[in-house]
Amino acid sequence: MGVLESAGFTGISGGSLDRKGRVCIPAPYRHVLAAQSPNLVYVRQALLTPSLEGFGAQVVQKFLDAQSENDPFFTAAHDTEAFALLSLSQELTIDDTGRVRLPDDFIASARLNEAVTFVGLGRKFEIWDSTGFAEVREARTAAAREQAKAREQARKP
């Protein structure tokens, strides 16, 4: 496993959505994706936030491997999990300039405008409307600080 692949998606990067619905995936993210499957990214509508989630073939393969134990015909849990990851995802081709065309319904559900923000979260990344992400960034930073303080307090005798 290469350094970039093992590091996963990290950092926060700005970008733009053009009039044709295309975004340019940040170069470091493309390197992670290319280590898994050249010129390919999976994108889905996030279930809990007005954003999109992107990931590589490795996430899909790990999911399929884990699902191999579940009966695909008689297990409700299999169908729910497979629907959430596989049915709600689109396999998108990354062009020579690093752009992907996002589906119109994905753009609408994430409320994306011209300015977008890419947020690295390890095995996945998020795509947010930049204005909407400003508040989320504040809330997540505050929650991380609180978590760090709680851990520090737990270490004290």
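Just above sits the structure.
By convention here, each chain's residues receive numbers from 1 onward along its written sequence. With pLDDT at 70 or above as the cut-off, local features in this predicted model cover only qualifying residues; side-chain atom pairs require 80 or more to be listed or tallied, and sums for whole chains, interfaces and linings still use all residues. By convention in this description, side-chain values take in all heavy atoms of the structure and omit both hydrogens and water.

Trainee: Mind showing me how you'd approach the packing of aromatic side chains here?
Mentor: Each aromatic ring pair is summarised here by two numbers: the centre-to-centre distance and the angle between the ring planes. In summary, the pairing rule links any two rings of Phe, Tyr or Trp, Trp by its six-membered ring, whose centres are within 6.5 Å, and it sorts them by plane angle into stacked for under 30 degrees, edge-to-face for over 60 and tilted for everything else. By the definition in use, this model includes 7 aromatic pairs. On the numbers, 6.3 Å between centres and 80° between planes, the contact of Y29 with F118 is edge-to-face. Linking Y29 in helix α2 (residues 27-36) with F118 in strand β7 (residues 115-120), this pair joins segments that are 89 residues apart in sequence. The two residues Y29 and F118 agree in class, both being buried. A ring pair is formed by Y42 and F55, whose centres lie 5.8 Å apart and whose planes are at 5°; its orientation type is stacked. Of this pair, Y42 sits in strand β3 (residues 40-45) while F55 is found in strand β4 (residues 52-55), placing the two residues 13 residues apart along the sequence. Among the residues examined, F55 registers a relative accessible area of 3% and is labelled buried. Aromatic rings pair up to connect F9, Y29, F118 and F125 into one cluster. Secondary structure elements follow DSSP: runs of H or I no shorter than four residues count as helices, runs of E no shorter than two count as strands, and numbering proceeds from the N terminus. Buried, partly exposed and exposed residues are distinguished by accessible area as a fraction of the type maximum, computed with a 1.4 Å probe on protein chains only: under 20%, between the cut-offs, and over 50%, respectively.

Trainee: Help me understand unusual backbone geometry in this model?
Mentor: In this structure, N39 is a non-glycine residue whose phi angle is positive, near 60°. Checked against the element boundaries, N39 lands in the loop between α2 and β3. Positive phi is not limited to glycine here, since R111 has a value of about 55°. Within the secondary structure, R111 is located in the loop between α5 (104-109) and β7.

Trainee: Whenever I open this one, the layout of surface pockets confuses me. Can you help?
Mentor: Gaps left between atoms show up when a probe the size of a water molecule is rolled over them. Roughly 220 Å³ of volume is contained in the largest pocket. Here a cavity is any set of points on a 1 Å grid over the protein atoms alone where a 1.4 Å probe fits but cannot get out, and a pocket is any open set with protein on both sides within 12 Å along at least 5 of 7 lines; a residue lines the site when it has an atom within 4 Å of a point. Along its surface, the largest pocket is lined by R44, E53, F55, V59, K62, F63, L85, R123 and K124. Those elements giving two or more residues to the lining of the largest pocket turn out to be β4 and α3 (57-67). Examining the composition of the lining of the largest pocket, we find that 3 residues originate from one element, α3, more than from any other. Here the residues of the lining of the largest pocket sort into 4 nonpolar, no polar and 5 charged. Grid points are joined across faces, edges and corners, and a volume is the space filled by probe spheres set on the points. The residue classification treats Ala, Val, Leu, Ile, Met, Phe, Trp, Tyr, Cys and Pro as nonpolar and Asp, Glu, Lys and Arg as charged. All others, Gly included, are polar.

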